[in-house]
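One-letter residues, chain by chain:
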Amino acid sequence: MAYWLMKSEPDVYNIDTLRKNSCEMWGKSVRNYQARNMIRDDMKIGDGIFFYQSNCKDIGILGIAKVASKPYPDPTQFDKNSHYFDEKSSKDDPRWFSIDVEFVRKFSRTITLAEIKAEKTLEGMILTRRGNRLSITPVDENHWQKILSLE
DNA sequence: GCCAACGTTGGC
DNA sequence: GCCAACGTTGGC
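Here the structure is a predicted model, which is why all the values come from computation and not from measurement. (Residues numbered from 1 in each chain as written. Chains lettered and ligands numbered in written order. Predicted model: local features only at pLDDT ≥ 70, side-chain atom pairs only at ≥ 80, totals over all residues. Heavy atoms only, no water.)

### Remarks on helix H4 (residues 141-150)
Taken together, the buried positions of H4 are His143, Trp144, Ile147 and Leu150. Each buried residue of H4 lies within a common arc of 120° when the element is viewed along its axis, so the set occupies one face. Projecting away from the buried face of H4 at angles above 90 degrees are the exposed residues Asn142 and Ser149. (Buried < 20%, exposed > 50% of the residue type's maximum accessible area, 1.4 Å probe, protein only. Helix = DSSP H or I, 4+ residues; strand = E, 2+ residues; numbered from the N terminus. Arc of directions from axis to C-beta.)

What follows is the structure, encoded as structure tokens:
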């Protein structure tokens, strides 16, 4: 069992939509190889996911989801009308992958980025590393537990 | 809206 | 295979 943190921009997708729909395909906009490798190779059913929102007023972790499927080829890479169409990808050898993500719960409050940065024991989280731009990052179990305790 | 940091692209 | 130019991310 591993833990992850997924970024989302609330304008594009927010946690209330995930709560309403319960389960959603995730990764159809991920076009970064490092993130792709994590989706394809490392994420397992049942893994915990922090739902983080960026590029907005209330930056931070809003709640928890979990991995609900094995990785599968992201359908948008084959869709000519999609913004995420990739002509270099083929169905025999798909380049990009998605997984299903299931809503678990929303925190009673947002654990803000400022709090996370201020917390000594959370030093070293990939999230707070300078220049980090990955939409998915692994989370250490002790960091996971610590953030839960902050709620 | 600014800008630093990074990934990707493409000419050579 | 190098590297400059460009596009994107994302905190502030």
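### Side note on the protein's contact with DNA strand C
Taken together, the neighbourhood of DNA strand C is formed by Lys7, Tyr52, Ser54, Asn55, Ile59, Leu113, Lys117 and Arg133. Side-chain polar atom of Lys7 to a phosphate oxygen of DNA strand C: 2.8 Å apart, as the coordinates give it. Between DNA strand C and the protein, one listed contact pairs a phosphate oxygen with a side-chain N or O atom of Lys117 at 2.9 Å. Split by residue class, the surface near DNA strand C holds three nonpolar, two polar and three charged. (Near = heavy atom within 4 Å. Polar contact = N/O pair within 3.5 Å; in protein donor to acceptor, adjacent residues only side chain to side chain. Nonpolar A, V, L, I, M, F, W, Y, C, P; charged D, E, K, R; others polar.)

### Some remarks on the side chain of Asp74
Along the chain, Asp74 turns up in the loop between strand S5 (72-73) and strand S6 (97-112). On the basis of relative accessibility, which here comes to 0%, the residue Asp74 falls in the buried class. For Asp74, the side chain forms a polar contact with the side chain of Arg31, separated by 3.0 Å. Beyond its immediate sequence surroundings of up to four residues, Asp74 is in contact with Gly27, Lys28, Arg31, Trp96, Phe97 and Ser98. (Contact = heavy atoms within 4.5 Å.)

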